[in-house]
Amino acid sequence: DLTLIRLARRAVGLIRIALLVVLVVFTLFTHLAPLSGRELFIIGGGSMEPSIPLGSLVVVSRIDPMMIAAGDVVTIRADNGVVITHRVLRVVDRPEGRFVELKGDANQSSDASLVPARAIVGAADHFVPFAGFAQEYLATLPGLLSVVGFLGALSVICMLLEMVERSVRPNRSPAVELTGT
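Residues numbered from 1 in each chain as written. Predicted model: local features only at pLDDT ≥ 70, side-chain atom pairs only at ≥ 80, totals over all residues. Heavy atoms only, no water.

On to the packing of aromatic side chains, then. Summed over the entire model, instances satisfying the criterion amount to one aromatic pair. Ring centres of phenylalanine 130 and phenylalanine 133 lie 6.4 Å apart, and the angle between their planes is 20°; on these two criteria the pair is classed as stacked. Above the ring of phenylalanine 99, the side-chain terminus of arginine 94 is found at 5.4 Å from the ring centroid. (Phe/Tyr/Trp six-rings, centres within 6.5 Å; stacked < 30°, edge-to-face > 60°. Lys NZ or Arg CZ within 6 Å of the ring centre and 35° of its normal.)

Shown next, in the form of structure tokens:
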């Protein structure tokens, strides 16, 4: 049926365009955020759930350690290089500097030790659920190739549906030119 073929072609075309728009916006977001002084981190554990789900992409803005307050969600980089995003329970000022006590929202107790403010990368301002999974996937060659292949397959399907639509469309006879002779 011609109507069904047209509908299928339009649906596949819309899916293809929507996927392209999402990919372009996602790419711009992940490449422009660092240019604005923000860093992006992927939540790799469930310690902040349900506030920040596993696989979220967190946008972290630099913050003056003196502006940190209880309740803030901060990202720290430990001396061993591990990156953690947790909520500040309290701020402790000591003679050797400022420290924070952190706790993941899903954890029963606070982190084992106070963290020096110098380890704070910044405040976790925003997050995009599951976008971290997408970023990790697209950062691999197989992930990138599979998305490009999927877009290519959608394009081929659109072209095939268009060809089928043309072949099923009722043939219109060419206009007959009437002359006065």
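What follows continues from the structure just given.
Per the counting criterion, the structure on display carries ten salt bridges. Measuring nitrogen to oxygen at the nearest pair gives 3.9 Å for the salt bridge that ties glutamate 39 to arginine 77. Here glutamate 39 is found in strand β1 (residues 38-42), whereas its partner arginine 77 is found in strand β3 (residues 73-77), with 38 residues between them in sequence. Here glutamate 39 falls in the partly exposed class, since its relative accessible area comes to 25%. (Salt bridge = Lys/Arg side-chain N within 4 Å of Asp/Glu carboxyl O. Helix = DSSP H or I, 4+ residues; strand = E, 2+ residues; numbered from the N terminus. Buried < 20%, exposed > 50% of the residue type's maximum accessible area, 1.4 Å probe, protein only.)

Relative to the helices and strands, serine 61 resides in strand β2 (residues 57-61). Filtering out sequence-adjacent residues up to four positions away, serine 61 remains in contact with Arg38, Gly122, Ala123 and Asp125. (Contact = heavy atoms within 4.5 Å.)

Before going further, it helps to examine the pairing of β2. Most of β2 sits inside the fold, with five of its five residues counted as buried. Of the two faces of β2, the one carrying Leu57, Val59 and Ser61 and the one carrying Val58 and Val60 are both buried. Of the strand pairs in this sheet, β1 and β2 are connected by five bridges, and their pairing is antiparallel. Residue pairing for β2: arginine 38 is matched across the bridge by serine 61. In this sheet, strand β7 (residues 120-128) lies alongside β2 in antiparallel orientation, the contact comprising five bridges. Opposite valine 59, over in β7, you have histidine 126 as the bridge partner. (Pairing = 2+ DSSP bridges.)

If you look at the biggest cluster of nonpolar residues, it comprises ten residues: Ile68, Val74, Ile76, Val88, Val100, Leu102, Val115, Ala117, Ala119 and Ile120. Counting only elements with at least two residues in this core, the list comes to β3 and β5 (97-103). Membership of the second largest hydrophobic core comes to nine residues, among which are Ile52, Val58, Val60 and Val121. (Core = buried A, V, L, I, M, F, W, Y, C linked by side-chain atoms within 4.5 Å.)

Turning our attention to a nonpolar patch on the surface. Side chains of Val24, Leu28, Leu32 and Leu35 sit close together on the surface and give an oily, nonpolar patch of about 410 Å² of accessible area. Looking at the element boundaries, valine 24 is found in helix α1 (residues 2-32). (Patch = residues over 30% accessible without salt bridge, like charges linked within 9 Å, V, L, I, M, F, W, Y side chains within 5 Å. Areas by Shrake-Rupley, 256 points an atom, 1.4 Å probe, with all protein chains shown as cover.)

With respect to topology, seven strands assemble into an open sheet ordered β1-β2-β7-β3-β4-β5-β6, the strand pairing being antiparallel. Whereas interior strands pair on both sides, the edge strands pair on one side only; in this sheet they are β1 and β6 (115-116). Set on the sheet, α1 makes contact with β1, β2 and β7; between it and β2 the angle comes to about 35°. (Axes fitted to C-alpha atoms, helices over the stretch in contact; angles between N-to-C directions.)

From the geometry alone we can't say anything about function, so treat these as descriptive.
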